[in-house]
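Understanding the architecture of this molecule
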Amino acid sequence: ADSYGVLTTKRLLVITQPAADSRDTIFVTVTKVSASSLTGENLKKDTWTIKLTSTTKYTGTTKATDIKVGSKIVAVGPLSKTTLTASLIQLLPSQ
């Protein structure tokens, strides 16, 4: 801004508003493991199904086979009722 408080611009970039983020996040303790899904329970004892797909990614060096019954995970992805299709899973360190 100049001494009069006027801002002068040489370029102005106008972009469309980005789409709203439609991902949800859940934290569960895993109670069942299969090749295509995980079942888990949150702190309120609600049961959740986490669907695994070929595009599900894992943080760090975690692999799908590292997740066992009793593992604590955070899963991110679109949610439909009590099923989350995981785009990302983080395995939390055991205590």
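Since we're looking at a predicted model, the values are computed, not measured.

Re the nonpolar core
Within the largest apolar cluster, 13 residues are counted, with the highest numbers of intra-cluster contacts made by Ile-26, Leu-38, Ile-50, Ile-73 and Ile-89. At the level of elements, strand 1 (24–33), strand 3 (47–51) and strand 5 (72–77) are the ones that each hand at least two residues to this core. With three residues, the top contributor of residues to this core is strand 1. Residues within four places of Ile-50 in sequence aside, it is in contact with Ile-26, Val-28, Ser-36, Ser-37, Leu-38, Ile-73, Ala-75, Leu-84, Ala-86 and Ile-89.

Observations concerning the pairing of strand 2 (residues 37–41)
With four bridges connecting them, strand 1 and strand 2 associate as antiparallel partners. Looking at the pairing, Val-30 lines up with Gly-40 of strand 2. As consecutive antiparallel partners, strand 1 and strand 2 are separated by three residues. Bridge count for strand 2 against strand 3 is five bridges, and the pairing is antiparallel. The residue bridging Thr-39 from the neighbouring strand is Thr-49, located in strand 3. What sits between the antiparallel neighbours strand 2 and strand 3 is a turn of five residues, in which Lys-45 has the positive phi angle 70 degrees.

Thoughts on the environment of Leu-52
Its place among the elements puts Leu-52 in the loop between strand 3 and strand 4 (57–58). The sequence separation of Leu-52 and Ser-36 amounts to 16 residues, and the corresponding C-alpha distance is 5.0 Å. If near-sequence neighbours (up to four positions away) are discounted, Leu-52 is found in contact with Ser-34, Ala-35, Ser-36, Ser-37, Leu-38, Tyr-58 and Ile-89.

Side note on unusual backbone geometry
In this structure, Lys-45 is a non-glycine residue whose phi angle is positive, near 70 degrees. Relative to the helices and strands, Lys-45 resides in the loop between strand 2 and strand 3. Notably, Lys-81 is not glycine yet its phi reads approximately 55 degrees, a positive angle. Looking at the element boundaries, Lys-81 is found in the loop between strand 6 (79–80) and strand 7 (83–85).

Reading the values: the criteria
Residues numbered from 1 in each chain as written. Predicted model: local features only at pLDDT ≥ 70, side-chain atom pairs only at ≥ 80, totals over all residues. Heavy atoms only, no water. Core = buried A, V, L, I, M, F, W, Y, C linked by side-chain atoms within 4.5 Å. Buried < 20%, exposed > 50% of the residue type's maximum accessible area, 1.4 Å probe, protein only. Helix = DSSP H or I, 4+ residues; strand = E, 2+ residues; numbered from the N terminus. Contact = heavy atoms within 4.5 Å. Pairing = 2+ DSSP bridges.

Read these as layout, nothing more, since geometry by itself doesn't imply function.
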